[in-house]
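Given next are the chains, with one letter for each unit.
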There are 2 protein chains.
Amino acid sequence: MPKQDRSRATRQRLLAAAVACLAEHGWAGSTVSVVAERAGVSRGAAQHHFPTREDLFTAAVEYVAEERSTALRALFPQGTAADDRRAVVSALVDLYTGPLFRAALQLWAAASNEEQLRPRVTELEARVGRETHRIAVDLLGADESRPGVRETVQGLLDMARGLGLANLLTDDAGRRDRVLTQWAALLDDALG
Amino acid sequence: MPKQDRSRATRQRLLAAAVACLAEHGWAGSTVSVVAERAGVSRGAAQHHFPTREDLFTAAVEYVAEERSTALRALFPQGTAADDRRAVVSALVDLYTGPLFRAALQLWAAASNEEQLRPRVTELEARVGRETHRIAVDLLGADESRPGVRETVQGLLDMARGLGLANLLTDDAGRRDRVLTQWAALLDDALG
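Keep in mind that this is a model prediction, so the values were computed, not measured.

Conventions and cut-offs
- Residues numbered from 1 in each chain as written.
- Chains lettered and ligands numbered in written order.
- Predicted model: local features only at pLDDT ≥ 70, side-chain atom pairs only at ≥ 80, totals over all residues.
- Heavy atoms only, no water.
- Phe/Tyr/Trp six-rings, centres within 6.5 Å; stacked < 30°, edge-to-face > 60°.
- Buried < 20%, exposed > 50% of the residue type's maximum accessible area, 1.4 Å probe, protein only.
- Lys NZ or Arg CZ within 6 Å of the ring centre and 35° of its normal.
- Core = buried A, V, L, I, M, F, W, Y, C linked by side-chain atoms within 4.5 Å.
- Contact = heavy atoms within 4.5 Å.
- Helix = DSSP H or I, 4+ residues; strand = E, 2+ residues; numbered from the N terminus.
- Buried area = accessible area lost by both parts, 1.4 Å probe.
- Salt bridge = Lys/Arg side-chain N within 4 Å of Asp/Glu carboxyl O.
- Polar contact = N/O pair within 3.5 Å; in protein donor to acceptor, adjacent residues only side chain to side chain.
- UniProt positions renumbered as here; feature names shortened; annotations may be inferred.
- Axes fitted to C-alpha atoms, helices over the stretch in contact; angles between N-to-C directions.
- Parallel < 35°, antiparallel > 145°, perpendicular 65-115°, else oblique.
- Nonpolar A, V, L, I, M, F, W, Y, C, P; charged D, E, K, R; others polar.
- Least-squares fit on C-alpha atoms with pLDDT ≥ 70 in both.
- Expected span 1.5 Å × (residues − 1).

## Comments concerning the packing of aromatic side chains
Two numbers describe a pair of aromatic rings. These are the distance of the centres and the angle of the planes.
In step 1: As enumerated under the stated definition, the model contains 7 aromatic pairs over all chains in all.
In step 2: Consider the rings of B:F101 and B:W108, whose centres lie 6.1 Å apart with planes at 80 degrees: the pair is edge-to-face.
In step 3: Using a relative accessible area of 3% as the deciding quantity, one classes B:F101 as buried.
In step 4: The exposure class assigned to B:W108 is buried, which follows from its relative accessible area of 11%.
In step 5: Here the aromatic residues A:Y96, A:F101 and A:W108 are joined through ring pairs into a cluster of three or more.
In step 6: Here the guanidinium or amino end of A:R53 rests over the ring plane of A:W27, the centre of that ring lying 3.9 Å away.

## A look at the nonpolar core
In step 1: A:L140 and B:L140 are the most contacted members of the largest nonpolar core, which has 137 residues in total.
In step 2: In this structure A:L140 touches A:R85, A:V88, A:V89, A:L92, A:V153, A:L156, A:L187 and A:L191, once residues within four positions along its chain are discounted.

## Here's the deal with the environment of A:A87
In step 1: Relative to the assigned elements, A:A87 resides in helix α5 (residues 85-94).
In step 2: When the C-alpha positions of A:A87 and A:L140 are compared, they lie 9.8 Å apart, and in sequence the two are 53 residues distant.

## Describing the interface of chain A and chain B
Interfaces are often sized by the accessible area lost when the parts come together.
In step 1: Listed as interface residues are 42 residues of chain A and, on the opposing side, 42 residues of chain B.
In step 2: Counting the surface lost from both chain A and chain B, the interface buries some 3300 Å², and carbon and sulfur atoms represent 64% of this.
In step 3: Of all residues in chain A, the largest losses of buried area upon contact with chain B belong to A:L165, A:L169 and A:W183, amounting jointly to 21% of the total for that side.
In step 4: Taken together, chain A and chain B are joined by 2 salt bridges.
In step 5: One salt bridge connects A:D158 with B:R175, and the closest N-O pair in it is separated by 2.9 Å.
In step 6: In this structure, the connection of chain A to chain B is made through 16 residue pairs in polar contact (both at pLDDT 80 or more).
In step 7: At 12 residues, the largest contribution of residues to the side of chain A that touches chain B is made by helix α8 (residues 149-166) of chain A.

## Thoughts on the UniProt feature "DNA-binding region" (unreviewed entry) in chain A
In step 1: UniProt records the feature "DNA-binding region" (unreviewed entry) for residues 31-50 of chain A in the present numbering.
In step 2: Its end C-alpha atoms 12 Å apart, residues 31-50 of chain A is made of 75% helix and 0% strand.

## Overview of the packing of helix α4 (residues 53-74) of chain B against helix α7 (residues 118-140) of chain B
Residues and elements named next belong to chain B.
In step 1: At a closest axis distance of 11 Å, the pairing of α4 and α7 adopts a crossing angle of 0 degrees. When the interaxial angle is binned, α4 and α7 end up roughly parallel. Between α4, through E54, D55, T58, V61, E62, A65, S69, L72 and R73, and α7, the contact on the second element is made entirely by R120, V121, L124, R127, V128, E131, R134, I135, D138 and L139.
In step 2: Residues of the contact of α4 with α7, tallied by class, amount to 8 nonpolar, 2 polar and 9 charged.

## Side note on the relation of the copies chain A and chain B
In step 1: Under the fitted operation, chain A is carried onto chain B by 0.0 Å of movement along the axis and a turn of 180 degrees, and the coordinates agree to an RMSD of 0.0 Å. Expressed as an axis order, the relation between the two copies is that of a two-fold axis.
In step 2: When the interface residues of chain A are mapped onto chain B, 100% of them again lie at the interface, so the same face is used by both copies.

## Regarding the packing of helix α1 (residues 3-25) of chain B against α4(B)
All names here are of chain B.
In step 1: Contact pair α1 / α4: the axes reach a minimum separation of 8 Å and the direction vectors enclose 95 degrees. On the basis of the axis angle, α1 is roughly perpendicular to α4. On α4, the residues touching Q12, L14, L15, A18, V19 and L22 of α1 are L56, F57, A59, A60, V61, Y63 and V64.

## Details of the UniProt feature "domain: HTH tetR-type" (unreviewed entry) in chain A
In step 1: As annotated by UniProt and renumbered to match this structure, "domain: HTH tetR-type" (unreviewed entry) occupies residues 8-68 of chain A.
In step 2: Strand forms 0% of residues 8-68 of chain A and helix 80%; the C-alpha atoms that close the span are 19 Å apart.

## Description of the pattern of salt bridges
Residues and elements named next belong to chain A.
In step 1: Across all of its chains, the model carries 28 salt bridges over all chains by this definition.
In step 2: For D177, the salt bridge identified is with R86, shortest N-O distance 3.0 Å. Separated by 91 residues along the polypeptide, D177 in helix α9 (residues 173-191) and R86 in helix α5 bring together distant segments of the chain.

## A short note on helix α6 (residues 99-111) of chain A
In step 1: Spanning 13 residues, α6(A) covers 18 Å between terminal C-alpha atoms, matching the ideal 18 Å at 1.5 Å per step.
In step 2: Burial analysis of α6(A) places 11 of its 13 residues in the buried class, the great majority of the element.
In step 3: Buried-residue contacts for α6(A) involve α1 (3-25), α4 (53-74), α7 (118-140) and α8 of chain A together with α6 (99-111) and α8 (149-166) of chain B.

## A few points about the side chain of B:R175
In step 1: Relative to the helices and strands, B:R175 is located in helix α9 (residues 173-191).
In step 2: A distance of 2.9 Å separates polar atoms of two side chains, one belonging to B:R175 and the other to A:D158.
In step 3: Side-chain polar atoms of B:R175 contact the side chain of B:D172, separated by 3.1 Å.
In step 4: Residues in contact with B:R175, not counting those within four places in the same chain, are A:Q154, A:D158, B:L163 and B:A166.

Quick look at the structure:
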């Protein structure tokens with residue numbers, strides 16, 4: 001492999017390992033050394049890519065969030081129609097279950113107590129949130145020039161985040177599915 | 001003060017201190033010693049009331065959740081009418097902003113990685129969740145015998161939890177208020 005490709009591969013291994021580590025062990029258990037070992041990379045190489053612990057973990061959550069956004073758009077390569085809405089809502093909620101959400105939640109929880117981490121994570125959350133909102137508007141075919149539509153989509157994403165939280169300690173898939181069916185219908189009425 | 005009252009006062013001081021400590025410092029920074037000092041109680045006395053760290057913090061989150069449930073019911077001493085719904089939704093969402101939610105979130109985040117804590121917090125969350133659902137159904141005047149109504153109320157509480165998460169790192173009150181206004185109207189249509 002050319003040197004540049006090897007460097008990119010190392011970086012991506014570190015990012016994936018960082019998200020997995022954060023999801024499994026939380027912020028307190030996630031250090032650059034632990035991640036480097038998990039990725040099979042020397043500590044020096046890890047620090048070359050990410051000088052600080054904050055750099056590594058915010059970059060990791062952002063990287064995986066971007067991957068998931070890309071995957072979400074790819075689910076509907078031809079765009080969506082009004083009768084895809086239940087599937088779109090379900091795909092949006094899937095963003096908030098699974099390892100990325102677990103990792104992001106650990107980062108948020110740590111950022112709420114650590115001054116060094118908070119501005120970084122706040123900025124990251126705003127960026128990822130805007131992108132998710134944009135995708136949701138597109139895939140739902142929502143016309144934000146109509147009053148209330150913007151807030152309708154925002155509320156849906158807040159609900160998705162809350163459903164993610166409800167899934168943190170137990171498998172909440174059955175209940176979640178019933179809630180989604182009901183709220184997708186309410187959303188459909190609201191969006192017209 | 002009689003001995004029993006003094007013991008109860010000590011217990012309540014410990015519980016309040018434990019919630020504040022968890023909200024401010026997270027699980028990693030929350031030990032029985034730190035809480036005892038904050039409450040002005042000896043470590044021995046704290047351990048007399050709560051033999052383990054898990055006992056102290058789950059009891060604390062439960063105690064404050066009960067207090068908040070009682071306060072929520074007390075907001076509407078005469079019961080509610082259909083035109084109180086916007087106020088009810090707002091009061092329900094208020095359960096998920098502020099120090100109790102911060103503390104509960106830190107406990108959930110820790111429980112997702114700590115085997116010792118998880119069953120305790122899972123059980124606590126289920127209990128508190130059922131009680132909140134019951135209050136929401138009452139105050140919203142929701143008729144759960146109608147299809148979809150149960151899931152409508154559940155989804156609203158999921159949204160409330162998600163709005164709490166969005167408020168963790170920044171003051172999200174302005175956006176939250178606009179989302180609530182919109183979804184309270186949709187909810188009103190749904191509940192009839």
